Amino acid sequence: MTKSISLVGLMGSGKSTLSNLLSAKLGCSVMDTDDWIERHTGLPIHEIVSTFGWDYFRNLEREFCQKFNIESPLIIATGGGFVVREENFKWLTDWSTTVYLHISPEFALHRIDKAQQSRPLLDALTLNQRLSLLKELYTERHPIYNRCNFTLNAELPQDEVLAQLVKIASVS
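For every chain, the first residue of the written sequence is number 1, and numbering continues from 1 onward in sequence order. Selection of residues for local features in this predicted model requires a pLDDT of at least 70, selection of side-chain atom pairs for listing and counting requires 80 or more, and totals for whole chains, interfaces and linings are taken over all residues. For the side-chain quantities, the full set of heavy atoms in the structure was used; hydrogens and water were omitted.

### As for the pattern of salt bridges
Salt bridge, as used here: a side-chain nitrogen of Lys or Arg that lies within 4 Å of a carboxyl oxygen of Asp or Glu. Evaluated as defined, the whole model comprises 5 salt bridges. A salt bridge links glutamate 61 to arginine 58, with the shortest nitrogen-to-oxygen separation between them at 2.9 Å. Of this pair, glutamate 61 and arginine 58 both sit in helix H4 (residues 54–67), 3 residues apart, which is roughly one turn of the helix. By relative accessible area, glutamate 61 is classed as buried at 1%. By the criteria applied, helices consist of DSSP H or I runs no shorter than four residues and strands consist of E runs no shorter than two, each listed in order from the N terminus. Here the term buried applies to any residue with accessible area under 20% of the maximum for its type, exposed to any over 50%, and partly exposed to those in between, with areas from a 1.4 Å probe on protein chains only.

Structural data, given as structure tokens:
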């Protein structure tokens, strides 16, 4: 792998999990943008969003792009909305091979509910409201995600998606 790989997609698509698995398989580092923001601010994402709002959080994602220097190839796991700002997407495409982990909103909701993880956008919503919001986010973001270098069906078993990512890494 001569170029970094960035994983993008809807929340619940497996970006963080797959980035760690791919990193271990390839023996390279991983950088999760949400983890970087939490370390940089000393606050969890849900607290940043509830205290300062989404615009502030999106500015922190932009700050990541401005401050983070890629010195050797690594795996980058982005937050689901990282690419909403065009300058962030451009940064990813300039510095890495981008991979869209495609899942349906329904599959995303199933995976998120199964994992019982805190998701600031979804935490206070009913099941129907969560699905409705995921569909809205999908509709808004899919055209951006679809501009990635590769698209993988992230609804496949994890080991199959990982094998595809390893193949992409071998040509990146």
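### Observations regarding the environment of isoleucine 37
With respect to the helices, strands and loops of the structure, isoleucine 37 is situated in helix H2 (residues 33–41). Among the residues examined, isoleucine 37 registers a relative accessible area of 0% and is labelled buried. Residue contacts for isoleucine 37: discarding those within four places in its chain leaves Gly42, Ile45, Ile48, Phe57, Leu60 and Glu61. In what follows, a contact means two residues having at least one pair of non-hydrogen atoms within 4.5 Å.

### Brief notes about the sheet that holds strand E1 (residues 4–8)
Strand order in the open sheet made by the 5 strands is E2-E3-E1-E4-E5, with parallel pairing throughout. Each edge of the open sheet is held by one strand with a lone partner, namely strand E2 (30–32) and strand E5 (150–153). Strand-to-strand twist of the sheet, defined as the mean angle between neighbouring strand axes without regard to direction, takes the value 25 degrees. Taken together, the 3 bridges between E1 and strand E3 (residues 75–77) define a ladder with parallel strand orientation. For two strands to be treated as a pair, DSSP must find no fewer than two bridges joining them. Angles shown run from 0 to 180 degrees and are taken between the N-to-C directions of axes, each axis being a line fitted to C-alpha atoms and, for helices, limited to the stretch in contact.

### Digging into the packing of aromatic side chains
For Phe, Tyr and Trp, rings pair up if their centres lie within 6.5 Å, where Trp contributes its six-membered ring, and each pair is then called stacked (planes under 30 degrees apart), edge-to-face (over 60) or tilted (otherwise). Scanning the model with the defined rule gives 6 aromatic pairs in all. Each ring, one from phenylalanine 64 and one from phenylalanine 82, has its centre 6.2 Å from the other, and the planes form 80 degrees; the classification is edge-to-face. Taken together, the positions of phenylalanine 64 in helix H4 and phenylalanine 82 in the loop between E3 and helix H5 (86–95) put the pair 18 residues apart, joining distant regions of the chain. Note on accessibility: phenylalanine 64 and phenylalanine 82 belong to one class, buried. Through a chain of ring-to-ring contacts, the aromatic side chains of Trp36, Phe64, Phe82 and Trp91 assemble into a single cluster.

### Overview of the side chain of threonine 97
As for its position among the elements, threonine 97 is in strand E4 (residues 96–102). We call two N or O atoms a polar contact when they sit within 3.5 Å, provided that within protein one can donate a hydrogen and the other can accept it, with sequence-adjacent residues counted only if both atoms are side-chain atoms. There is a polar contact of 3.3 Å between the side chain of threonine 97 and the side chain of serine 172. With residues near it in sequence (within four places) discarded, threonine 97 still touches Lys3, Ser4, Ile5, Ser6, Asn149, Phe150, Ile168 and Ser172.

### What about the environment of cysteine 148?
Within the secondary structure layout, cysteine 148 lies in the loop between helix H7 (127–145) and E5. The buried category is assigned to cysteine 148, whose relative accessible area is 9%. Between the C-alpha atom of cysteine 148 and that of leucine 7, which follows or precedes it by 141 residues, the distance is 9.3 Å. If near-sequence neighbours (up to four positions away) are discounted, cysteine 148 is found in contact with Val8, Phe89, Thr98, Val99 and Tyr100.

### What about the pairing of E4?
Burial analysis of E4 places 6 of its 7 residues in the buried class, the great majority of the element. Pairing of E1 with E4 involves 5 bridges; the strand directions are parallel. When the sheet's bridge partners are listed, serine 4 is paired in E4 with serine 96.

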